[in-house]
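So the chains spell out like this:
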Amino acid sequence: MTSNLLRLCFACALTGLFGGSARAQEATPPPAQPATQPTSAPAVPEQAAKREVVVPPEVKAQLSASGKRHLKIKAEEKINDGLGKPPKDLDRSTPMKSWSAFLAACAAKKWERAAHGINLEKVAKADRKPVGVATATKICALLNKTSQLSAKGLDDTTVGPMIESQPTNYVVTAHFDIGKKLPGELWLRHTHDKTTKEDVWLLTQRTVSYIGPWHRLLVQGEKERAAVPMINTGLGKIPPAFELSSPQAAARTFSKLARERNYEQAAYLLDLRRFKKAEQKERGEKLARRLSMVLSRLEPGYAERLSDDPDGVPERGVPDDEEVLLSPKAGKRSFSVRLILYPRLDAEPVWVFSPGTVGSINALYESFGPGWAGDYLPPIMFSIEVFNVQLWQWIGIILGLLVAYIFGYLASFFSRKLLLRAAKLTKWEWDDELVEATRGPMRLLLAAVGFVIVVGVLSLHPGAQQMALGGVKLVAIIAAGWFFARALDVAADAGLEFFRERGDEVGMAMVPVARKIFKPILWALILIVALQNIGLNVAGLIAGLGIGGLALAMASKTTVENMLGGITIAFDRPFKVGDFVKVGDITGSVEEVGLRSTRVRTLDRTVVTVPNGQMADSKIENYTRRDRIRLVFKIGVQYDSSLDQLKYIIDEIKRAVLRDEKMVHEGFRVRFVGFGDSSLDIEVYCYINTTDYNEFTAVREKLYLEVAKIVAGAGAEFAFPSRTVYNGKASDADSKKAKFAAQEVELRLAAGELTIPEIPESVREKLQKPS
């Protein structure tokens, strides 16, 4: 912006003091624009122009030396959005109050407060606060340097100065003599905020543009950059038809020439002075081609990012005579594509791409360009573009899909061969089946990997590349899901074989159920991951599914409970199909175990269906899993039996148990347990060594018959509830047997073979010997 003074002189020489400006409504001196541009001020009739207008001295003192009389009120959507709310006590309603507030902020060094008195419309929202503070600081330094720290004489009405009953809508608050025909001026402009409906007076945007060079010239004492007759001597003068008066105009001109494939002319917009004169034409054409490809790829319509202000817009950390177009990053490396303003002798200053940008074009092209294709393919390959994908890239995508499929087929074929060899070395069979299950998924996954390599070679536009990689990622997710689904089938088959070998019918019944449960869950998870990776917001979907699932769970609470009960039975295995069980008051054989219920065949040959939820919560008695069957019974003999008869009966029953091989000989008991109402009670407690109930009843029957024989042989009788009335001497019908029993007890007692109270070991060994 150090060339602004040359711009002013050139415009003055061509158009005179009242030369127009395409941005006159920005409240700038007209000579700051090319003379060929039309003025935006209202047209003045010829008769009115000849009539001399009398301007009061107090009003004339507030107007520009350019003679500008009227401007429109500047309307903005929201004034200085991003700068923060202005202080409540800041009054900007009139020229005098606004300028007084600005000067007071300067005196107090409250730069942020002073920034609220400047129009920062053209400054990026994120930079408005730092740029506003920097601009306010420079303005205050200029005012101090030139001793213009008074608001005296400024209008103190909301409408401002009036000429011929019309408001001027601007005032000049300070003049800077920079040794040229036209002085520098600070303008306050009447501005309307559409959002707050507030009318304020602010320093114009042109003030922001000019303040940098003014500060360097007047405060820092720097010299103005020397004008050059020609930027690129190897190319010659810039064609007059090129519109390079602002950063945006220069970028539009470059974009237009690039679309026309006129890179020879586009090279004029590059600062090629780093190259020798003889190299500038060849290198310039190639660099212009590469730069246009990079810009089109990174930011289509990139020209609209720049300002249309001939002096550019201040940016944080950027010199006043430069403006940043893009700041792309490639890994850890950062680039800055900039335009720079060059003053020229006997011509308007122009904006071209800066030397630093030209020096980084090749590096930019390596990071963001189409690579070899951009340098060698014919222009038609780049002129046709659909969805930000050029013709040569569409051809590359089609060929790339074919190459990726062939790569996936071959790579998966050889990979499976190696995996199968490794699987053959193990003793398991499921790993061989797992390798076979990778056939389709591995082919698809490796094809996706191959296409990623193709995408990298094609140098797609970032948007198209993101979409292509998103598609590849989706295919990879589907391939992974496909493999996991097949692996689930392999695991189910292995589990089924495992339970079959163990003879576990419940486990075998649960494997298909588990497969049906887990497969939909697996595909649901894969679907969610896929939707998330293609950019869809699945959080709302999951929340909706959660609410719907909650409602479904509430409605099907019993069904879910029974399903969980079935899973519990499958893993806990309290019984299997064919077992004889007792669940609550239900006794029978288990015929079928399902996901929801279990069917039991009762002793009455009826089938009872028990919900698995109830089954899992109930006490289950499994008779089939007994290793032996207990036998407990009592016998009662009459009270007229002698003690020797009683001892004989007990002894003989014990001997009968020991003689029977089906009886468990350890831990059985035969005891005289009490005096009943009409009998002397003997209890037999023993186990029969069988789990077959039919066999158990046969052994029990044999024992019962033996006991009956023993009682009869002892000369005793079984008692039964009765009442005996004695009229004479008791019967001695069994006296002989009773004597025999008494003698036998005495003999056994003398020989140490009586089994009362415990069985002697000699008797146990003698009776347990096989016959």
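Please refer to the structure higher up on the page.
Reading guide: rules and limits
- Residues numbered from 1 in each chain as written.
- Predicted model: local features only at pLDDT ≥ 70, side-chain atom pairs only at ≥ 80, totals over all residues.
- Heavy atoms only, no water.
- Axes fitted to C-alpha atoms, helices over the stretch in contact; angles between N-to-C directions.
- Helix = DSSP H or I, 4+ residues; strand = E, 2+ residues; numbered from the N terminus.
- Parallel < 35°, antiparallel > 145°, perpendicular 65-115°, else oblique.
- Contact = heavy atoms within 4.5 Å.
- Nonpolar A, V, L, I, M, F, W, Y, C, P; charged D, E, K, R; others polar.
- Pairing = 2+ DSSP bridges.
- Expected span 1.5 Å × (residues − 1).
- Buried < 20%, exposed > 50% of the residue type's maximum accessible area, 1.4 Å probe, protein only.
- Salt bridge = Lys/Arg side-chain N within 4 Å of Asp/Glu carboxyl O.
- Phe/Tyr/Trp six-rings, centres within 6.5 Å; stacked < 30°, edge-to-face > 60°.
- Core = buried A, V, L, I, M, F, W, Y, C linked by side-chain atoms within 4.5 Å.
- Disulfide = S-S within 2.5 Å.

Novice: I would appreciate a short explanation of the packing of helix 4 (residues 95-108) against helix 6 (residues 128-146) in the present structure.
Specialist: Helix-helix packing: each pair is described by the crossing angle between the helix axes and the interaxial distance. It is at 10 Å that the axes of helix 4 and helix 6 come closest, and there the two elements cross at 90°. When the axes of helix 4 and helix 6 are compared, the pair comes out roughly perpendicular. Along its contact with helix 4, which presents W99, F102, L103 and C106, the element helix 6 presents A136, I139, C140 and L143. Residue composition of the contact of helix 4 with helix 6, by class: eight nonpolar, no polar and no charged.

Novice: Please clarify how the sheet that holds strand 11 (residues 347-353) should be interpreted in this entry.
Specialist: The strands making up a sheet associate through backbone hydrogen bonding, with each pair oriented either parallel or antiparallel. Pairing within the open sheet is antiparallel, and its three strands lie in the order 7-10-11. Each of the sheet's edge strands pairs with one partner strand only, and the pair in question is strand 7 (322-326) and strand 11. Along the sheet, successive strands turn relative to each other by an average axial angle of 25°, direction set aside. Where strand 7 and strand 10 (residues 337-344) come together, four bridges link them in antiparallel fashion. Within the sheet, the bridge partner assigned to E323 lies in strand 10 and is L339.

Novice: What is the right way to look at the pairing of strand 17 (residues 607-611) in this model?
Specialist: Regular strands show a simple pattern: their side chains alternate between the two faces of the sheet. The pairing of strand 16 (residues 597-602) with strand 17 spans five bridges and is classified as antiparallel. Its bridge partner being in strand 17, R599 is matched across the sheet by T609. In this antiparallel pair of consecutive strands, strand 16 and strand 17, the connection spans four residues, and R605 shows a positive phi of 70°.

Novice: Any chance you could explain helix 10 (residues 280-298) here in plain terms?
Specialist: Note: α-helices contain 3.6 residues per turn, so residues at a spacing of three or four share the same orientation. For helix 10, which comprises 19 residues, the first-to-last C-alpha distance of 26 Å matches the rise-based estimate of 27 Å (1.5 Å per residue) to within 8%. Among the residues of helix 10, Q280, G284, L287, A288, R289, R290, L291, S292, M293, V294, L295 and R297 are the ones counted as buried.

Novice: So what exactly am I meant to see when it comes to the side chain of T755 here?
Specialist: Tracing the backbone shows T755 in the loop between helix 25 (735-751) and helix 26 (761-768). Among the residues examined, T755 registers a relative accessible area of 1% and is labelled buried. Those residues within four positions of T755 in sequence are excluded, and the remaining contacts are I650, D651, K654, R655, P760 and V763.

Novice: Looking at this structure, I do not really get the pattern of salt bridges. What am I missing?
Specialist: Pairing is possible between side chains of opposite charge, provided their charged atoms come close. Scanning the entire structure with this criterion turns up 28 salt bridges. Where K78 meets D81, a salt bridge forms, and the shortest distance between an N and an O atom there is 3.8 Å. A relative accessible area of 44% places K78 in the partly exposed class. The class for D81 is partly exposed, based on a relative accessible area of 25%. One salt bridge connects R338 with E322, and the closest N-O pair in it is separated by 3.0 Å. Of this pair, R338 sits in strand 10 while E322 sits in strand 7, and the two are 16 residues apart along the sequence. Since its relative accessible area comes to 15%, E322 is described here as buried. Because the salt bridges share partners, they merge into one network encompassing D651, E652, R655, E744 and R748.

Novice: Would you explain the environment of A226 in this entry?
Specialist: By the secondary structure assignment, A226 is in the loop between helix 7 (205-218) and helix 8 (247-259). Taking relative accessible area as the criterion, A226 reaches 58% and is therefore assigned exposed. Each C-alpha atom of the pair A226 and Y342 lies 9.1 Å from the other, and the pair is 116 residues apart in sequence.

Novice: Teacher, can you tell me more about unusual backbone geometry here?
Specialist: As a rule of thumb, non-glycine residues mostly have phi less than zero, and peptide bonds are mostly trans rather than cis. We note that N80 has phi near 50°; this positive angle belongs to a residue other than glycine. Inspection of the secondary structure puts N80 in the loop between strand 1 (74-76) and helix 4. Look at N80 and you get buried, because its relative accessible area is 4%. One non-glycine residue, R261, lies in the positive phi region at around 60°. Its place among the elements puts R261 in the loop between helix 8 and helix 9 (263-266).

Novice: I'm lost on the packing of aromatic side chains in this one. Help?
Specialist: Given two aromatic rings, their pairing is described by the distance between the two centres and the angle made by the two planes. Under the defined criterion, the tally for this structure stands at 14 aromatic pairs. Residues W99 and F102 carry aromatic rings whose centres are separated by 5.3 Å and whose planes lie at 5° to one another, so their mutual orientation is stacked. With W99 and F102 both in helix 4 and three residues apart, this pair spans about one turn of that helix. In this pair, the class of W99 matches that of F102, namely buried. Their ring planes at 75° and their centres at 6.3 Å tell us that F242 and Y268 sit as a pair that is edge-to-face.

Novice: Can you walk me through the nonpolar core in this structure?
Specialist: In summary, soluble globular proteins display a tendency toward joint burial of nonpolar side chains. By size, the foremost hydrophobic cluster in this structure holds 46 residues, and its most contacted members are F254, L269, L270, L272, L295, L325 and F353. Of all the secondary-structure elements, those providing two or more residues to this core are helix 8, helix 9, helix 10, strand 7, strand 10, strand 11 and helix 12 (361-368). The biggest single contributor to this core is helix 10, with six residues. If sequence neighbours within four positions are ignored, L325 has contacts with L295, Y302, R305, L306, V337, R338, L339 and F353. Judged by nonpolar contacts, the second largest core, of 35 residues, contains I629, V684, I688 and V745.

Novice: Teacher, can you tell me more about the state of the cysteines here?
Specialist: Joining two cysteines, a disulfide is a covalent bond between their sulfur atoms. Following the criterion strictly, the structure yields one disulfide and no others. The side chain of C106 participates in a disulfide bridge whose partner is C140; the two sulfur atoms lie 1.7 Å from each other. Negative torsions about the S-S bond denote left-handed disulfides, and the value of about -60° found for C106 with C140 makes this one left-handed. In this pair, C106 sits in helix 4 while C140 sits in helix 6, placing the two residues 34 residues apart along the sequence. Given the relative accessible area of 9%, C106 is considered buried.

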